[in-house]
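Breakdown of the fold
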Amino acid sequence: MGPALPDFPWDSLADHTATARSHPDGVVDLSVGTPVDPVPELIRDALAAVSDQPGYPTTHGTPELRQAAVEVMARRFGVTGLDPAAVLPTIGSKEMVAWLPTLLGVRAGDLVAIPELAYPTYEVGALLAGAEVARVEGLTALGPRTPALLWLNSPSNPTGRVLPIEHLRKVVDWARERGVVVASDECYLSLTWDSDAVSILDPRVSGGSAEGLLAVHSLSKSSSLAGYRAGFVTGDPALVKRLLEIRKHAGMIVPRPVQSAMTAALRDDQHVVDQRARYEARRKVLREALLGAGFRIDHSEAGLYLWATRDEDAWDTAGWLASLGILVAPGTFYGPSGNRHVRIALTATDERIAAAAARLAG
Ligand SMILES: Cc1ncc(COP(=O)(O)O)c(C=O)c1O
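An account of the accompanying structure is given in this report.

The rules behind the values
Residues numbered from 1 in each chain as written. Predicted model: local features only at pLDDT ≥ 70, side-chain atom pairs only at ≥ 80, totals over all residues. Heavy atoms only, no water. Helix = DSSP H or I, 4+ residues; strand = E, 2+ residues; numbered from the N terminus. Rg over C-alpha atoms; globule rule 2.2 N^0.38 Å. Buried < 20%, exposed > 50% of the residue type's maximum accessible area, 1.4 Å probe, protein only. Contact = heavy atoms within 4.5 Å. Areas by Shrake-Rupley, 256 points an atom, 1.4 Å probe, with all protein chains shown as cover. Lys, Arg positive; Asp, Glu negative; His and termini not counted. Charge placed at Lys NZ, Arg CZ, Asp CG, Glu CD. Salt bridge = Lys/Arg side-chain N within 4 Å of Asp/Glu carboxyl O. Polar contact = N/O pair within 3.5 Å; in protein donor to acceptor, adjacent residues only side chain to side chain. Axes fitted to C-alpha atoms, helices over the stretch in contact; angles between N-to-C directions. Left-handed = near helix turned anticlockwise from the far one by under 90°. Nonpolar A, V, L, I, M, F, W, Y, C, P; charged D, E, K, R; others polar. Phe/Tyr/Trp six-rings, centres within 6.5 Å; stacked < 30°, edge-to-face > 60°. Lys NZ or Arg CZ within 6 Å of the ring centre and 35° of its normal. Near = heavy atom within 4 Å. 1 Å grid on protein atoms, 1.4 Å probe; cavity = no way out; pocket = protein on both sides within 12 Å on 5 of 7 lines; lining within 4 Å. Sits in = over half its atoms within 2 Å of the grid points. Pairing = 2+ DSSP bridges. Expected span 1.5 Å × (residues − 1).

Quick notes on the overall build of the protein
Summing up its helical and strand segments, the protein has twelve helices and 13 strands in all. Taking 2.2 N^0.38 as the reference for a compact globule, 362 residues should give roughly 21 Å; the C-alpha atoms of the protein span a radius of gyration of 20 Å, in line with that estimate. Along the longest, intermediate and shortest principal axes, the C-alpha atoms of the protein span 55 × 55 × 45 Å. Within the protein, the fraction of its 362 residues that count as buried is 56%. By sequence separation, contacts in the protein at least 24 residues apart represent 75% of the contacts at least 6 residues apart. Total accessible area computed for the protein in this model is approximately 15,000 Å², and 53% of it derives from carbon and sulfur atoms. Taken together, the 35 basic and 42 acidic charged side chains of the protein have centroids lying 2 Å from each other.

Here it is, written out as structure tokens:
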């Protein structure tokens, strides 16, 4: 018997899904947040070019891929001085989030700290390792307890909140004093609107050293590559080495064609700029429509979601939107304190976003 895991949240949305699907003009699905735009051609070409690969790929990834990741961290996020050996490709970032506590040796009796409102897989990962979970808003909420691992997620899923440099710096100092590993999930770092987000490895945060720090990156949203399963982790060379050793033994390997596709995606910034512009335009349409329909939008200064409320129970809001054929995620999927918000994803075609706006306008 494994650990007791929470119910898979999306299963509880079945009734609302059926309601939304019955809308005569079809559903507008803004729930899961799955990319809908075409995979950029340069990435598809790179994938196809290495389809004849009978041999095993390396767990560590090709040198080209690791170099491209080092360069992307410098070019897009101002993180310099990373060693390509300290980059490790992952099969999307969800598996890394789910297995990181186990791979780091976190075990029963240990504590994993996660944001109060959080992507559900942080909790799942802690439970898979047999550890306890503390949902905390700020370090003081931990009291005297010292976690083995602390997760950050800025920009946040679901709230779109961005943590400022000074806050991140304090967390890093606090964690280093106590030997706590800080894992920063940075999958929305390229998608900022009203405020700039920085990596945990930004020298203003890290002091120029990756000690005790891991940055978890994903190409799912920035390059519309969710279907390829493409991510990487980088940071403290000793921690990455440990992850690599176990992942080699466990067969946690990114397929070779995906490694090539990732390399091409990381070498090109234009498609990321283009994708960002698509989401920005959709965000504007949805935001105005929601405000016009009486919603309040909290945080949401970055990332791929609007964190919206009508100051009522989250399920009532989700039900009302489902009656308009618009499917969203109740905030409770991300933690108990999300009980008065819904998370509305920007991941639908322009046509579907316009349909949602028209329905919200009545
Ligand atoms: C905060 C966060 N982390 C990680 C993931 C996993 O993304 P992927 O496995 O596609 O890289 C998601 C997906 O939505 C997410 O929102």
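As for the side chain of Asp-236
For Asp-236, the location among the structural elements is in the loop between strand S8 (231-235) and helix H8 (237-250). Buried and unpaired, Asp-236 has no salt bridge, with Arg-176 as the nearest side chain of opposite charge at 7.4 Å. Within polar-contact distance, the side chain of Asp-236 engages the backbone nitrogen of Gly-212 at 2.7 Å. Apart from residues no more than four positions distant in its own chain, Asp-236 is found in contact with Ala-210, Glu-211, Gly-212, Leu-213 and Leu-214.

Structural notes on the packing of helix H4 (residues 94-103) against helix H5 (residues 121-128)
At a closest axis distance of 7 Å, the pairing of H4 and H5 adopts a crossing angle of 35°. Handedness of the H4/H5 crossing: right-handed. Contacts from Lys-94, Val-97, Ala-98, Trp-99, Pro-101 and Thr-102 in H4 reach Thr-121, Tyr-122, Gly-125, Ala-126 and Leu-128 in H5. Tallied by class, the residues present in the contact of H4 with H5 amount to seven nonpolar, three polar and one charged.

What about the packing of aromatic side chains?
Summed over all chains, the structure comprises seven aromatic pairs. Measuring from centroid to centroid gives 5.1 Å for Trp-10 and Phe-333, while their planes differ by 90°, and the two rings are edge-to-face. Note that Trp-10 is positioned in the segment before helix H1 (14-21) and Phe-333 in the loop between strand S12 (329-330) and strand S13 (342-345), a separation of 323 residues in sequence. Residue classification places Phe-333 among the buried positions, given a relative accessible area of 10%. Clustering of aromatic rings is evident, with ring pairs tying together Trp-10, Trp-315, Phe-333 and Tyr-334. Directly above the aromatic system of Trp-320 lies the positively charged group of Arg-310, at a separation of 4.1 Å from the ring centroid.

Some remarks on the pattern of salt bridges
Following the criterion strictly, the structure yields 21 salt bridges and no others. For Asp-194, the salt bridge is made with Arg-283, and the minimal N-O distance between the two is 3.2 Å. Placement of Asp-194 in the loop between strand S6 (181-185) and helix H7 (203-206) and of Arg-283 in helix H10 (residues 270-292) is noted, with a sequence separation of 89 residues between them. For Asp-194, a relative accessible area of 55% translates into the label exposed. You can call Arg-283 buried: its relative accessible area is 9%. As a salt-bridge pair, Arg-296 and Asp-298 come within 3.0 Å of each other at their nearest N and O atoms. Overall, the relative accessible area of 37% leaves Arg-296 in the partly exposed class. You can call Asp-298 buried: its relative accessible area is 19%.

Looking at the site of the ligand
Close to the ligand lie 15 residues, the nearest being Asp-185, Tyr-188, Ser-218, Ser-220 and Arg-229. Ser-93 has a polar backbone atom sitting 2.7 Å from an oxygen atom of the ligand. Residue Lys-94 places a main-chain N or O atom 2.8 Å away from an oxygen atom belonging to the ligand. Notes on the ligand: free accessible area 400 Å², of which the protein chains cover 91%. Judged by its atoms lying within 2 Å of the grid points, the ligand is housed in the largest pocket. Residue classes in the shell around the ligand are distributed as five nonpolar, six polar and four charged.

Quick word on unusual backbone geometry
Between Ser-154 and Pro-155 the backbone carries a cis peptide bond, its omega angle lying at -5°. Positionally, Pro-155 belongs in the loop between strand S5 (149-153) and helix H6 (165-178). The amide bond that connects Asn-157 to the next residue, Pro-158, takes the cis arrangement and shows omega of 15°. For Pro-158, the position within the fold is in the loop between S5 and H6. Positive phi, close to 60°, is recorded for Ser-300, a residue that is not glycine. Relative to the helices and strands, Ser-300 is located in the loop between strand S9 (296-298) and strand S10 (305-309).

Regarding the side chain of Ser-218
In this fold, Ser-218 is placed in strand S7 (residues 213-218). The buried category is assigned to Ser-218, whose relative accessible area is 9%. At 3.0 Å, the side chain of Ser-218 and the backbone nitrogen of Ser-220 are in polar contact. Excluding its chain neighbours within four sequence positions, the residues that come into contact with Ser-218 are Ser-93, Cys-187, Ala-230 and Gly-231.

What to know about the sheet that holds S12
Strand order in the open sheet made by the four strands is S9-S10-S13-S12, with antiparallel pairing throughout. Two strands in the sheet have a free side with no partner beyond their single neighbour: S9 and S12. Along the sheet face, H10 touches S9, S10 and S13 and points at about 5° away from the line of S10. Docked against the sheet, helix H11 (residues 314-323) engages S12 and S13, running at close to 40° with respect to S13.

What to know about H10
Its 23 residues place the ends of H10 33 Å apart at the C-alpha level, agreeing with the 33 Å of an ideal helix rising 1.5 Å per residue. Taken as a whole, H10 has its buried residues at His-271, Val-272, Gln-275, Tyr-279, Arg-282, Arg-283, Leu-286, Ala-289 and Leu-290. Positive phi appears at Gly-294, one or two residues downstream of H10, with a value of about 95°.

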